[in-house]
Amino acid sequence: MKKSLFDQGYLDEQFCQVEDLQDEASPNFVEEVVTLFFKDSGRLMSNIEQALEKYPRDFNRWDAYMQQLKGSCCSIGASRMKNECMSFRDSCGQGNVEGCMRSFQKVKREHAVLRQKLESYFQLLRQAGPAGAATRPIM
Amino acid sequence: MMQGNIWAILDPQGLPESMTLVLRFQLQSPLTSSNLGGSFEQQYASPSCQIAGLKVLLIDDDDINLVIARKFLEKLGCVVSSLPSGSTSPNSVGASAASCQLVMVNLEMVRVNAFDVALRIRQSRSGRWPFVMAMTSEHNTWEKCAQSGINGVLKKPVILQELKDELVRILQST
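Cut-offs and rules
Residues numbered from 1 in each chain as written. Chains lettered and ligands numbered in written order. Predicted model: local features only at pLDDT ≥ 70, side-chain atom pairs only at ≥ 80, totals over all residues. Heavy atoms only, no water. Core = buried A, V, L, I, M, F, W, Y, C linked by side-chain atoms within 4.5 Å. Buried < 20%, exposed > 50% of the residue type's maximum accessible area, 1.4 Å probe, protein only. Helix = DSSP H or I, 4+ residues; strand = E, 2+ residues; numbered from the N terminus. Contact = heavy atoms within 4.5 Å. Buried area = accessible area lost by both parts, 1.4 Å probe. Salt bridge = Lys/Arg side-chain N within 4 Å of Asp/Glu carboxyl O. Polar contact = N/O pair within 3.5 Å; in protein donor to acceptor, adjacent residues only side chain to side chain. Nonpolar A, V, L, I, M, F, W, Y, C, P; charged D, E, K, R; others polar. UniProt positions renumbered as here; feature names shortened; annotations may be inferred.

### Considering the nonpolar core
Counting residues in hydrophobic clusters, the biggest one holds 61 residues, and the most contacted among them are Leu69(A), Leu118(A), Met104(B) and Leu163(B). In terms of residue count, helix 3 (residues 29-54) of chain A provides more of this core than any other element does, twelve residues in total. Core analysis: the next-biggest nonpolar cluster, separate from the first, contains 21 residues, Met109(B), Val112(B), Ala118(B) and Ile150(B) among them.

### Here we look at the interface of chain A and chain B
Taken residue by residue, the interface counts 21 residues in chain A and 18 residues in chain B. Carbon and sulfur atoms make up 61% of the surface buried where chain A meets chain B, a total of about 1,700 Å² over both sides. In this structure, Asp23(A) engages Lys71(B) in a salt bridge whose closest nitrogen and oxygen atoms are separated by 3.7 Å. Taken together, the links from chain A to chain B amount to seven residue pairs in polar contact (both at pLDDT 80 or more). Elements with a contribution of two residues or more to the side of chain A that touches chain B: helix 2 (13-20), helix 3 and helix 4 (59-76) of chain A. Residue composition of the side of chain A that touches chain B, by class: eight nonpolar, nine polar and four charged.

### Considerations on the pattern of salt bridges
Residue and element names in this part refer to chain A. Going through the model one piece at a time under the given rule, you end up with 14 salt bridges over all chains. Aspartate 63 serves as the salt-bridge partner of arginine 89, at 2.9 Å between the closest nitrogen and oxygen. Of this pair, arginine 89 sits in helix 5 (residues 79-94) while aspartate 63 sits in helix 4, and the two are 26 residues apart along the sequence. Arginine 80 is paired through a salt bridge with glutamate 110; the nearest N and O atoms lie 3.4 Å apart. A residue pair is termed long-range when its members are at least 10 positions apart, and arginine 80 in helix 5 and glutamate 110 in helix 6 (residues 97-128) qualify at 30 residues.

### Describing the UniProt feature "domain: HPt" (unreviewed entry) in chain A
Under the present numbering, the feature "domain: HPt" (unreviewed entry) in UniProt falls on residues 32-116 of chain A. Taken end to end, residues 32-116 of chain A has its terminal C-alpha atoms 16 Å apart, with 91% of it in helix and 0% in strand.

### With respect to the side chain of Glu19(A)
With respect to the helices and strands, Glu19(A) occurs in helix 2. A residue is classified by how much of its surface remains accessible, and Glu19(A), at 2% relative accessible area, is buried.

### Observations concerning the environment of Leu21(A)
Mapping Leu21(A) onto the fold places it in the loop between helix 2 and helix 3. We classify Leu21(A) as buried; its relative accessible area is 1%. Setting aside residues no more than four positions away along its own chain, Leu21(A) makes contact with Ser26(A), Phe29(A), Ile68(B), Lys71(B), Phe72(B) and Lys75(B).

### Some words on the side chain of Asn106(B)
Residue and element names in this part refer to chain B. You can see asparagine 106 is positioned in strand 5 (residues 102-106). According to the relative accessible area criterion, asparagine 106 is buried, its value standing at 2%. A polar contact is formed between the side chain of asparagine 106 and the side chain of aspartate 60, at a distance of 2.8 Å. Excluding anything up to four places from it in sequence, asparagine 106 contacts Ile59, Asp60, Asp61, Asn65, Ala114, Met135 and Lys156.

### Digging into unusual backbone geometry
All names here are of chain B. With an omega of -10°, the peptide bond running from tryptophan 129 to proline 130 counts as cis. Along the chain, the position of proline 130 falls in the loop between helix 4 (114-123) and strand 6 (131-136). A cis geometry characterises the amide bond from lysine 156 onward to proline 157, with omega recorded as -5°. Its location among the elements puts proline 157 in the loop between strand 7 (152-155) and helix 6 (160-172). The phi torsion at asparagine 140 lies on the positive side, around 55°, for a residue other than glycine. Relative to the helices and strands, asparagine 140 is located in the loop between strand 6 and helix 5 (142-147). Of the residues examined, asparagine 140 reaches a relative accessible area of 79% and is grouped as exposed.

So this is what it looks like as structure tokens:
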């Protein structure tokens, strides 16, 4: 399942970097980071949503929020979501309100899809148990 | 007995130009060689020894980045602390930075100007420590970083090997 997450571009190599950090001292590191990511990004996204409404055409503000979100996506390797964040920032740069709105919807969608996929992924890992870890030797 | 090594580098005239003593200690100080100037390859002190035990201060407003960067550094054997978010007043930064050897700062923080922070650290610095390393997703920031007294730059997202290489480079460039 992990392979398909990479093949379909949901995750990139950075996710592997995070996985490599997991060890006996922190055996649930990846799941903890992912949980933190969804909590943080959920908050950031609702900030953006409010800003889109409360501060029309405030591209600087919108962009600043999105830069934060993009940074988090980047750090955990959430590739598709990161790309949509970048589109949003491009639209901000162009002063394109329509473009921003469209991109933001895509960001929200990718966020939801990724959450779902990662939840399934961790569930599979739990069922497989420590012996069933697929490609990575240390889990 | 002390598992150490001592040698002198001779200049072309055959006179000792610098001497180095390397001792292996267990926990605290990562750097035990004293350079008296001159530049030479530290072939005997392994880079990992230099990094292990390094006291690092992380300054970032992104929780995810903080967690991941901390783990990377701890993997390399560093001792990591971070500023509570919002406390980047000159006094608190200066005080926290003074007790560590490396400060890692995210250039893209929202409410905090990382270059200001770096400048403050450089101004309140006495001696060699701390070094400042910036993390950024922008290109071409080297000049601006250097002007603010930043010693090294890491591209985001941070990768373990690049972090290690940049740390080694900074630590070896006196």
